[in-house]
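Below, each chain spelled out in residue letters.
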Amino acid sequence: MNHITPYKTRLTEQNQSAEPISIAHASSLRVLIVDDEVSVRKVTATVLAQIGLSCETAAGGDEALHILETHSIDAVISDLRMPGMSGMELLAKVKQIYPRMVFLVVTAVDDVRVGIQAMRQGADDYLVKPLQVDANIVLASLTRALHVKRLEQEVENYRHHLEEIVAEQTGQLREALRQIERSYDHTLEVLGAAIDLRDSPTAGHSRRVFLYSIEIAKAMGGLESQMRNIAMGAWLHDIGKLAIPDAILLKPGPLTDEERAIMQRHAQIGYDLVKGIPFLADAAEIIFAHHERCDGSGYPRGLKAQETPLGARIFAVADTFDAMTSDRPYRRALPFHASREVIERGAGKQYDPQVARIFLSISDETWEAIRRETAAIQAFAFATASDIQALGKMVKSGS
Ligand SMILES: [Fe+2]
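Anyway, here's the lowdown on the structure attached to this text. (Residues numbered from 1 in each chain as written. Predicted model: local features only at pLDDT ≥ 70, side-chain atom pairs only at ≥ 80, totals over all residues. Heavy atoms only, no water.)

Along its length, the protein carries 17 helices and eight strands. For the protein, the residues scored as buried account for 46% of the 399 residues in total. By element, 56% of the accessible surface of the protein is carried by carbon and sulfur atoms, the whole surface being about 20000 Å². (Helix = DSSP H or I, 4+ residues; strand = E, 2+ residues; numbered from the N terminus. Buried < 20%, exposed > 50% of the residue type's maximum accessible area, 1.4 Å probe, protein only. Areas by Shrake-Rupley, 256 points an atom, 1.4 Å probe, with all protein chains shown as cover.)

For the rest of this paragraph, the subject is the coordination of the iron ion. Protein ligation of the iron ion involves Asp238 (OD), His266 (NE2), His290 (NE2) and His291 (NE2), the donor distances falling in the range 2.1 to 2.2 Å. In this structure, the iron ion is surrounded by four donor atoms whose angles at the metal cover 85 to 175 degrees, and the resulting shape is irregular. A relative accessible area of 16% means that His291 is categorised as buried. (Donors = N, O, S within 2.8 Å, 3.2 Å for Na, K, Ca; no water. Tetrahedral: all angles 85-135°; square planar, octahedral: opposite > 155°, others 65-115°.)

Pairs may arise between side chains of opposite charge once their charged atoms sit close together. A full pass over the atoms with the stated rule returns 20 salt bridges. Of the charged contacts in the structure, one is a salt bridge between Arg228 and Asp185, with a shortest N-O distance of 2.8 Å. With Arg228 in helix 9 (residues 227-235) and Asp185 in helix 7 (residues 135-198), this residue pair connects regions lying 43 residues apart in the sequence. A residue is classified by how much of its surface remains accessible, and Asp185, at 8% relative accessible area, is buried. The shortest N-O distance in the salt bridge between Glu259 and Lys251 comes to 2.7 Å. When salt bridges that share partners are traced, they join Lys95, Asp124 and Lys149 into one network. (Salt bridge = Lys/Arg side-chain N within 4 Å of Asp/Glu carboxyl O.)

Here the focus is unusual backbone geometry. Most peptide bonds are trans, and most residues other than glycine sit at a negative phi. Each neighbour pair has its own omega, and for Tyr299 with Pro300 the value is 5 degrees, a cis peptide bond. Phi at Ala305 is positive, roughly 40 degrees, even though this residue is not glycine. Inspection of the secondary structure puts Ala305 in the loop between helix 12 (281-289) and helix 13 (310-324). On the basis of relative accessible area, Ala305 is assigned to the partly exposed category, the value being 30%.

Moving on to the nonpolar core. In globular proteins that are soluble, nonpolar side chains generally tend to be buried together. One finds Ile216, Met220, Ile314 and Trp367 to be the most contacted residues of the largest nonpolar core, which totals 44 residues. Discounting residues that sit within four places of it in the chain, Trp367 has contacts with Tyr212, Glu215, Ile216, Phe321, Phe336, Arg340, Phe359 and Ile362. Ranked by size, the runner-up nonpolar core spans 23 residues in total, among them Met88, Leu91, Phe103 and Val105. (Core = buried A, V, L, I, M, F, W, Y, C linked by side-chain atoms within 4.5 Å. Contact = heavy atoms within 4.5 Å.)

One can find Tyr299 in the loop between helix 12 and helix 13. The class for Tyr299 is buried, based on a relative accessible area of 17%. Those residues in contact with Tyr299, other than ones at most four positions away along the chain, are Gln264, His266, His291 and Glu292.

So, on to the packing of aromatic side chains. Counted by the stated rule, this structure contains nine aromatic pairs. With a centroid separation of 5.1 Å and an interplanar angle of 65 degrees, the aromatic rings of Tyr212 and Phe321 are classed as edge-to-face. Of this pair, Tyr212 sits in helix 8 (residues 205-220) while Phe321 sits in helix 13, and the two are 109 residues apart along the sequence. In this pair, the class of Tyr212 matches that of Phe321, namely buried. Summarising the aromatic geometry, the rings of Phe321 and Phe359 are spaced 5.1 Å apart at their centres and angled 65 degrees between planes, so their arrangement reads as edge-to-face. Of the two residues, Phe321 sits in helix 13 while Phe359 sits in helix 15 (residues 353-361), which places them 38 residues apart along the sequence. For Phe359, a relative accessible area of 0% puts it in the buried group. Pairwise contacts between aromatic rings join Tyr212, Phe321, Phe336, Phe359 and Trp367 into one cluster. Cation over ring: Arg301 sits above Phe288, and NZ or CZ is 3.8 Å from the ring centre. It is Arg340 that lies over the ring of Phe359; its NZ or CZ is 5.9 Å from the centre. (Phe/Tyr/Trp six-rings, centres within 6.5 Å; stacked < 30°, edge-to-face > 60°. Lys NZ or Arg CZ within 6 Å of the ring centre and 35° of its normal.)

Below, the structure is given as structure tokens:
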């Protein structure tokens, strides 16, 4: 059945073979007609109601906005030339408040360019009045525009879904990386324990200097990004000793010059062992330089002052402190104050003066707490699983 409407549409002009429109479908559409001429509103509403559209009417932009606020509307059909708020102004407001709203504009037959301009500004179609054509043409325009909106919504939903998938997979990847990091930490923990077990007279040494170095680095401040490297360098500093023969490593008496030369190779050996592991590359530099001294008297390269990586300069103080405050087969552990004096005297000679100053500012209670903790762990010969996890957290947080 054909009904008469005051409008024909641009889309129908372009495509007379438009897909058939379901009248049943139309019954669910709610349309707001905006026109300052009451006769146009009435005729349009009557005609559209005959094909099943549910219509509201408004005499101007302000009333239209109020109806949109208070009613559920699928589409707006608005005149462009109205007193007060123009159709273009209403279009801009509706698009801003209801970006998914279908908006058709109505133009005079001699003002088609305005209709095109309206489409450029977001209108979904334009209708030309007052030609008399099939009302289904209006319905076709509406349903087509709604179809486009639905597709846009589906694309938006799909994009949102993709973002959720990406976010989920990124989370899974991060968790996988965390697990890998934990695996690294466990492996390094075992390596450090193996070093200490090999060199039994210094049991717990790697762990203590690891913790001492972290404590000094924390007190220095601004080293958060290097904390992990400093910690790993301290932890693995003597890994090269795994290659030193027992007869030399465990010799109870003084070493001969030749034996000492072999022993001193552990810095280079440790560096060579670790340098090829990307995430330990910086730690390898600390391992290489952990016996260097501020005045150039260290080995293997005789580096001076700032030539030595900061992590190795920190380690040097931590190492001396641990050596002096630990029992040795040939002497008892020295008290903290004695080791403090040695480090104070050695500032600017063996030890970096700034590192030494920071070390001396840390209380005995702090060092005592670390020693108590490591002493408890030594009872198990090497670190427990919970200890490993605590270390991992400490390194990650830089605490
Ligand atoms: Fe060493």
